[in-house]
Amino acid sequence: MWPSLLMIVLLGCATSVSFAGDRRVQASGEAAESTSCLACHSLRIIHSQRLSVSAWQRELDKMERWGAVISDREGLLAYLIENFGEDRSPVPPQLTRDGSERRDGAKTGKSRMK
């Protein structure tokens, strides 16, 4: 009985450490995204991507060549892979007021605060 109980306790500790690590990656990545990416991009263009690890690395390389300053590259890369990797579900299309798929320049019916 004791070995089983010990195993359950150890598994519980390992799981909570894993979740804490995931939250840190998420928070670190969101902060890096906010400071490094949002000066030039909307969240939609970033979050609509579904790229492999090497493709995200190439994107970050390209953005740095174009002048982006990425303060936490490892954190940002981990965040992008975890949330927008090639294994994630595609983003649903943005729809217009009549329910058709949005084309560039079409209004979505959602108000924007200026």
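Residues numbered from 1 in each chain as written. Predicted model: local features only at pLDDT ≥ 70, side-chain atom pairs only at ≥ 80, totals over all residues. Heavy atoms only, no water.

Trainee: Got a minute to help me understand helix α4 (residues 73-84) in this structure?
Mentor: With 12 residues, α4 extends 15 Å from end C-alpha to end C-alpha; this agrees with the ideal 16 Å at 1.5 Å per step. Within α4 the residues assigned to the buried category are Arg73, Gly75, Leu76, Leu77, Tyr79, Leu80 and Phe84. (Helix = DSSP H or I, 4+ residues; strand = E, 2+ residues; numbered from the N terminus. Expected span 1.5 Å × (residues − 1). Buried < 20%, exposed > 50% of the residue type's maximum accessible area, 1.4 Å probe, protein only.)

Trainee: Help me understand the packing of helix α3 (residues 53-65) against α4 in this model?
Mentor: How two helices sit against one another is set out by the angle between their axes and by the gap between those axes. It is at 10 Å that the axes of α3 and α4 come closest, and there the two elements cross at 135°. Overall, the two elements α3 and α4 adopt an arrangement that is oblique. As for how α3 packs across α4, the hand of that crossing is right-handed. On α4, the residues touching Val53, Trp56, Gln57, Leu60, Asp61 and Glu64 of α3 are Arg73, Leu76, Leu77, Leu80, Ile81 and Phe84. In the contact of α3 with α4, the residues fall into 8 nonpolar, 1 polar and 3 charged. (Axes fitted to C-alpha atoms, helices over the stretch in contact; angles between N-to-C directions. Parallel < 35°, antiparallel > 145°, perpendicular 65-115°, else oblique. Left-handed = near helix turned anticlockwise from the far one by under 90°. Contact = heavy atoms within 4.5 Å. Nonpolar A, V, L, I, M, F, W, Y, C, P; charged D, E, K, R; others polar.)

Trainee: How should the nonpolar core be read in this particular structure?
Mentor: Burial of nonpolar side chains together is a common tendency in soluble globular proteins. Among the nonpolar cores identified, the biggest contains 13 residues, and Ile46, Trp56, Leu60, Leu76, Tyr79, Leu80 and Phe84 are the most heavily contacted of them. Mapped by element, the contributors of at least two residues to this core are α3 and α4. Here this core gets 5 residues from one element, more than from any other, and that element is α4. Once you skip the residues sitting within four places of it in the chain, tryptophan 56 turns out to touch Ile46, Gln49, Leu51, Leu77, Leu80, Ile81, Phe84 and Gly85. (Core = buried A, V, L, I, M, F, W, Y, C linked by side-chain atoms within 4.5 Å.)

Read these as spatial facts, not as claims about activity.
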